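Letter by letter, the chains look like this.
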Amino acid sequence: MRACALTVKTDARVEGLAPWEHTGAGVSGEEAGGRTHSPREDQAESGDVQSPAPWHTHRCYWDLAELYRWRAQGGTGSHGPAMLLAPRAARQARSATCRRSSFLLSVLFLQMGWGDLGVYGEPSRETPNLDRMAAEGTLFPNFYSANPLCSPSRAALLTGRLPIRNGFYTTNAHARNAYTPQEIVGGIPDSEQLLPELLKEAGYVTKIVGKWHLGHRPQFHPLKHGFDEWFGSPNCHFGPYDNKARPNIPVYRNWEMVGRYYEEFPINPKTGEANLTQIYLQEALDFIKRQARRRPFFLYWAVDATHAPVYASRPFLGTSRRGRYGDAVREVDDSIGKMLQLLQDLRVADSTFVFFTSDNGAALISAPEQGGSNGPFLCGKQTTFEGGMREPALAWWPGHIAAGQVSHQLGSIMDLFTTSLALAGLTPPSDRAIDGLNLLPALLQGRLMDRPVFYYRGDTLMAATLGQHKAHFWTWTNSWENFRQGMDFCPGQNVSGVTTHTLEDHTKLPLIFHLGRDPGERFPLSFASTEYQEALSRIAQVVQQHQEALVPGQPQLNVCNWAVMNWAPPGCEKLGKCLTPPESIPKKCLWSH
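Keep in mind it's a predicted model, so treat the numbers as computed, not measured.

1. Focus on the state of the cysteines
By definition, a disulfide is the covalent link that joins the sulfur atoms of two cysteine residues.
So, step 1. With the rule as written, the count across this model stands at three disulfides.
So, step 2. Here Cys 572 is linked by a disulfide to Cys 578, with a sulfur-sulfur distance of 1.9 Å. Taking the sign of the S-S torsion, about 85° here, the bridge from Cys 572 to Cys 578 comes out right-handed.
So, step 3. Assessed through its relative accessible area of 0%, Cys 572 is described here as buried.
So, step 4. According to the relative accessible area criterion, Cys 578 is partly exposed, its value standing at 38%.
So, step 5. Of all cysteine sulfurs in the structure, the one in Cys 236 sits closest to Cys 150, which takes part in no disulfide; the separation is 6.8 Å.

2. Overview of the packing of helix 9 (residues 276-291) against helix 10 (residues 324-345)
So, step 1. Contact pair helix 9 / helix 10: the axes reach a minimum separation of 10 Å and the direction vectors enclose 10°. With respect to their mutual orientation, helix 9 and helix 10 come out roughly parallel. Crossing geometry of helix 9 relative to helix 10 is assigned as right-handed. In contact with Thr 277, Gln 278, Leu 281, Ala 284, Leu 285, Ile 288 and Lys 289 of helix 9, helix 10 contributes Glu 331, Val 332, Ser 335, Lys 338, Met 339, Leu 342 and Leu 343.
So, step 2. Residues belonging to the contact of helix 9 with helix 10 are distributed by class as follows: eight nonpolar, three polar and three charged.

3. Quick word on the pairing of strand 9 (residues 297-302)
So, step 1. Burial of strand 9 is extensive: six of the six residues sit out of reach of the surface.
So, step 2. Neither face of strand 9 is exposed, since Phe 297, Leu 299 and Trp 301 on one face and Phe 298, Tyr 300 and Ala 302 on the opposite face are all buried.
So, step 3. The pairing of strand 5 (residues 205-211) with strand 9 spans six bridges and is parallel. What sits directly across from Thr 206, in strand 9, is Phe 298.

4. Quick look at the layout of surface pockets
So, step 1. Size it by volume and the largest pocket reaches roughly 700 Å³.
So, step 2. Lining the largest pocket we find 37 residues, and of these Tyr 179, Phe 238, Gln 382, Trp 591 and His 593 sit closest to its centre.
So, step 3. A per-class count over the lining of the largest pocket returns 19 nonpolar, twelve polar and six charged.

5. A short note on the UniProt feature "glycosylation site" (unreviewed entry) in the chain
So, step 1. Those residues carrying the UniProt feature "glycosylation site" (unreviewed entry) are Asn 275 and Asn 494 in this numbering.
So, step 2. Note that Asn 275 resides in the loop between strand 8 (256-260) and helix 9.
So, step 3. Looking at Asn 494, its side chain comes within polar contact range of the side chain of Thr 499, at 3.3 Å.

6. Focus on unusual backbone geometry
So, step 1. The linkage connecting Gly 239 with the following residue, Pro 240, adopts the cis geometry, with an omega of 0°.
So, step 2. Residue position: Pro 240 is located in the loop between strand 6 (229-233) and strand 7 (250-253).
So, step 3. The step from Ala 308 to Pro 309 runs through a cis peptide bond, and the omega angle for that step is 0°.
So, step 4. Looking at the secondary structure, you find Pro 309 in the loop between strand 9 and helix 10.
So, step 5. One non-glycine residue, His 213, lies in positive phi territory at about 70°.
So, step 6. On the secondary structure map, His 213 appears in the loop between strand 5 and strand 6.

About the cut-offs
Residues numbered from 1 in each chain as written. Predicted model: local features only at pLDDT ≥ 70, side-chain atom pairs only at ≥ 80, totals over all residues. Heavy atoms only, no water. Disulfide = S-S within 2.5 Å. Buried < 20%, exposed > 50% of the residue type's maximum accessible area, 1.4 Å probe, protein only. Axes fitted to C-alpha atoms, helices over the stretch in contact; angles between N-to-C directions. Helix = DSSP H or I, 4+ residues; strand = E, 2+ residues; numbered from the N terminus. Parallel < 35°, antiparallel > 145°, perpendicular 65-115°, else oblique. Left-handed = near helix turned anticlockwise from the far one by under 90°. Contact = heavy atoms within 4.5 Å. Nonpolar A, V, L, I, M, F, W, Y, C, P; charged D, E, K, R; others polar. Pairing = 2+ DSSP bridges. 1 Å grid on protein atoms, 1.4 Å probe; cavity = no way out; pocket = protein on both sides within 12 Å on 5 of 7 lines; lining within 4 Å. Points joined across faces, edges and corners; volume = space filled by probe spheres on them. UniProt positions renumbered as here; feature names shortened; annotations may be inferred. Polar contact = N/O pair within 3.5 Å; in protein donor to acceptor, adjacent residues only side chain to side chain.

Right, here's the structure in full:
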């Protein structure tokens, strides 16, 4: 599960706005009949005598959400909307406004399914806080990850780029999923510009809590890629291991490890008891308390409790009707509720943009005890069917995003990159292709933007959606060999000619589904139908343009080496936890599906 919080700067530069919209609107102190006050003076007169916030300026810039709404209503003019207030009232209002929209909170769930939230139809209704977040904000029913696997999807979120562009894929075999286990040599390239790096240009302080998963070697450390703080792990909480053939995964505080999973941070494999979600929650709460009155912040909360082996703390174990997976979901939901409540208690909720989504679909191979639900959609994690990549997604920004909205905008996890930059007053890098859209027009104006969704599996474009039509160019779940060993990515969902166990080529005559009428991808359109021909023509044109312009990044997930595992992470000497690595033998990684 992933969560992002962004503090929105009020002097935001918004692409396409007139000059007055970039430089501020409203009435200055002189225009209202008084002198211009400094930020410190404004704070003193309003009763806020804390140290001046570095992002405040002498002029208060108009609130971004109001600006979008005003533009949508046809507002024009050289001055923009103005508040005609008495001098003191104008200064107080300006001070209050300049503290608004300053924080970004991104919550990322790990392999949570579209059907796991009550607001998406889960019958147990065990996610009251996420459901309330939807009721107070916007729900996206058509939101996608960038990959059916965790690492590439996370790389896409933080770069705004497809994994085929940022290097998080493999060319070792055709259409193979790949990620970052301990033995992987690669990671996020230095050439990629990550969201936290860019936000720092606008004065944001940034923190990641939970799983990083973009490479564990020193050059890939999150603090080398824009984050100011980190508490969490470089890999998933697999284990326990014997620290001989394979080391247990380290947990870091900033630059150094502070222990290992199953050792200093225990997880009971039999009962599923672990206190990790509570530790991650406290890290988030402490960070918000420290920063909310000081600087704009970006918090990336990426807990992995819902990834097998699923865990929850003692107060939540055995409380769900859905088994241990439900226990984990309930605890994470409770944690999100506590974070939202803290924002309200600190009176910064209307300054904080919060987004919740997941990095890939539920892992049906672990269901039902340790996996979630993908609702009406076909298959799950590892596949490019809807169940593998369509995700729950919620946006919350009180006072700006209207409550109880449903947006049918086709959204992508990569949109969080571009949207967060827009909220911070930044534009995306212009020297590279960016796949993420700015969702603010959809969130604040209800505008729907036409865009394709591309479904990649490794180096291969498997499918594409445009509007309500989805075309499959290749179909595959996993091999017959894996399937016979018990690996079933689509349990109980065999669709003849679709959920294949051999990699089937449909590039000359794609399978096309209408996702509105057939969200489960069970009834492909007739090749002879007019609807098929028209949909194929539109999708083929978009795909051709995409492929002609595509410049793949250098693949990062091709080489493995047992010597690069977490044997001796920084800080291990202080703890007496350094282990001796084996001989270095680089080899091709084997990705079976």
